Amino acid sequence: MEGIPQNVSEAVRVAAHAARGYPGDLADIHRRARRRRNRRAAVSAAAVVAVLAGAVAGVAIQRQPGPSTGTGVLAPASSAEPGVSPDAPISSGPGAEPPGQHLLLPAAAGDYRGSGGTTVRLGGETAVGELLPDGNLIGHPVVGARNWERVVVLPSGGVVAFGSHDTQPGTKREDGPNVPGLEYRLVGTDPDGRVRVQRNVRKKGEPVMLLTAREDVAYLWRPAGLFMHSMATGHEELIAGRPAFGLGQVYGDLRHSDMSGGWVAVSRMRDECVPRVYDITGVDLVAEIPLTASGCIAVTDMRLSPDSRTLAVAYDRDTGAGLRPVVALIRVTDGKVLKEQELADVSGKTSPMISIAWPDSRTLRGAVYPVGAAGVSEVTGFTVTID
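Model, not experiment: these values are computed from the prediction.

Trainee: What exactly am I supposed to notice about the overall build of the protein chain here?
Mentor: Within the protein chain, the secondary structure is distributed over two helices and 27 strands. Within the protein chain, the proportion of its 387 residues that are buried is 53%. When contacts within the protein chain are restricted to residue pairs at least 6 apart in sequence, long-range pairs at least 24 apart make up 52% of them.

Trainee: Just to check I follow, could you spell out the sheet that holds strand β9 (residues 159–166) for this structure?
Mentor: The strands making up a sheet are joined through hydrogen bonds of the backbone, oriented either antiparallel or parallel. Strand order in the open sheet formed by four strands is β8-β9-β10-β11, and the pairing between neighbours is antiparallel. Two strands bound the open sheet, and with one partner strand each, they are β8 (147–153) and β11 (195–200). For this sheet, the mean inter-axis angle between neighbouring strands, taken without regard to orientation, is 15 degrees. With eight bridges connecting them, β9 and strand β10 (residues 182–189) associate as antiparallel partners. By the bridge assignment for β10, Asp166 is matched with Leu182.

Trainee: Would you explain the sheet that holds strand β26 (residues 376–378) in this entry?
Mentor: As summarised here, the arrangement of the three strands in space is β5-β4-β26, forming an open sheet in which the pairing is mixed. On the outer flanks of this sheet lie β5 (119–122) and β26, each paired with one strand and no other. Ignoring which end each strand starts from, the neighbouring axes of this sheet average 40 degrees apart. Note that strand β4 (residues 110–113) and β5 share four bridges and pair antiparallel. Counted as the bridge partner of Tyr112 is Val120 from β5.

Trainee: How should the pattern of salt bridges be read in this particular structure?
Mentor: Taken as a whole and judged by the stated rule, the model has 21 salt bridges. One salt bridge connects Asp258 with Arg303, and the closest N-O pair in it is separated by 3.2 Å. With Asp258 in strand β16 (residues 254–260) and Arg303 in strand β20 (residues 296–304), this residue pair connects regions lying 45 residues apart in the sequence. Of the charged contacts in the structure, one is a salt bridge between Lys339 and Asp387, with a shortest N-O distance of 3.6 Å. You can see Lys339 sitting in strand β23 (residues 337–342) and its partner Asp387 sitting in the segment after β27 (380–385), a full 48 residues away along the chain. Through salt bridges with shared partners, a single ionic network connects Arg268, Asp271, Arg276 and Glu288.

Reading guide: rules and limits
- Residues numbered from 1 in each chain as written.
- Predicted model: local features only at pLDDT ≥ 70, side-chain atom pairs only at ≥ 80, totals over all residues.
- Heavy atoms only, no water.
- Helix = DSSP H or I, 4+ residues; strand = E, 2+ residues; numbered from the N terminus.
- Buried < 20%, exposed > 50% of the residue type's maximum accessible area, 1.4 Å probe, protein only.
- Contact = heavy atoms within 4.5 Å.
- Pairing = 2+ DSSP bridges.
- Axes fitted to C-alpha atoms, helices over the stretch in contact; angles between N-to-C directions.
- Salt bridge = Lys/Arg side-chain N within 4 Å of Asp/Glu carboxyl O.

Structure follows, in structure tokens:
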């Protein structure tokens, strides 16, 4: 990808964000962009099939408790670096109310404006956007990695970011999982923007992705499973292996994931409309929530509430006359749909994206924004509340 003009490189990066897959080598960025184009083509055919099948709206749930070991950490990573084990106890399931989530716009690249009227430049090496409750849009600078893939804003106001970084720009190399000069950087900054951690977490030949982070630890997906990574030392421990999440080869199989307390929500690439929630303290499947009967064609975002009790899923619904974005709030323990909101038709917008976040465990905020549009793009916010 070296030598590609910056505007083309940025377009590829945006396509990769829109696919929201699990990043591996540089060639995988192209594969994810192709997957998104193919999925768009498949949506039309799937809509016809769904109409003929006469899908009935509704959400079902299957619960498969399984034995709980209560061990928390299952096994140390065989390739863990020397150091002290991260001091990061994991709670299991619903509990006390943790801090709320920030409504970030991870795929936004270009000039954007919220209802507050301020225009902010986002994307690339600039900043990741956040839509505030008052409608204003702000940018969080991301340093140390040119192509960020995931960003977490901490309660302190600091940032933990993950992204790829080319250490040999302009050098021609053969693409692939072992391409030289590529780093996957984990960067932690203080509230004032100063870098406190900047670390290459790449293992040659392996993909890696940041799930979420706290002040002291980051949670990383690797082919072996979910790892807890100490921000202070870089030491890692495997807290749940890949098979525990029903994943095949994690490479390319993980579309969306989120974590709250000791529960992890996973949407797999091969059946993304069936999100699953796991208790990683005992490696149990807590819930399996099929959305296909509700007309789900593709999941666009997915977040667990801070208290872990509710799963919010933003997805594209086949209405028979086209696609309509929908947000559903689903109680994890029994699959009851607590609230469902069909959003305004965005089919005329340029590559619309939807991001969601919980400021508290009864209120979901969301943002709809275009990707790849010319000029200043508008960010539209919405709120869904559990009665």
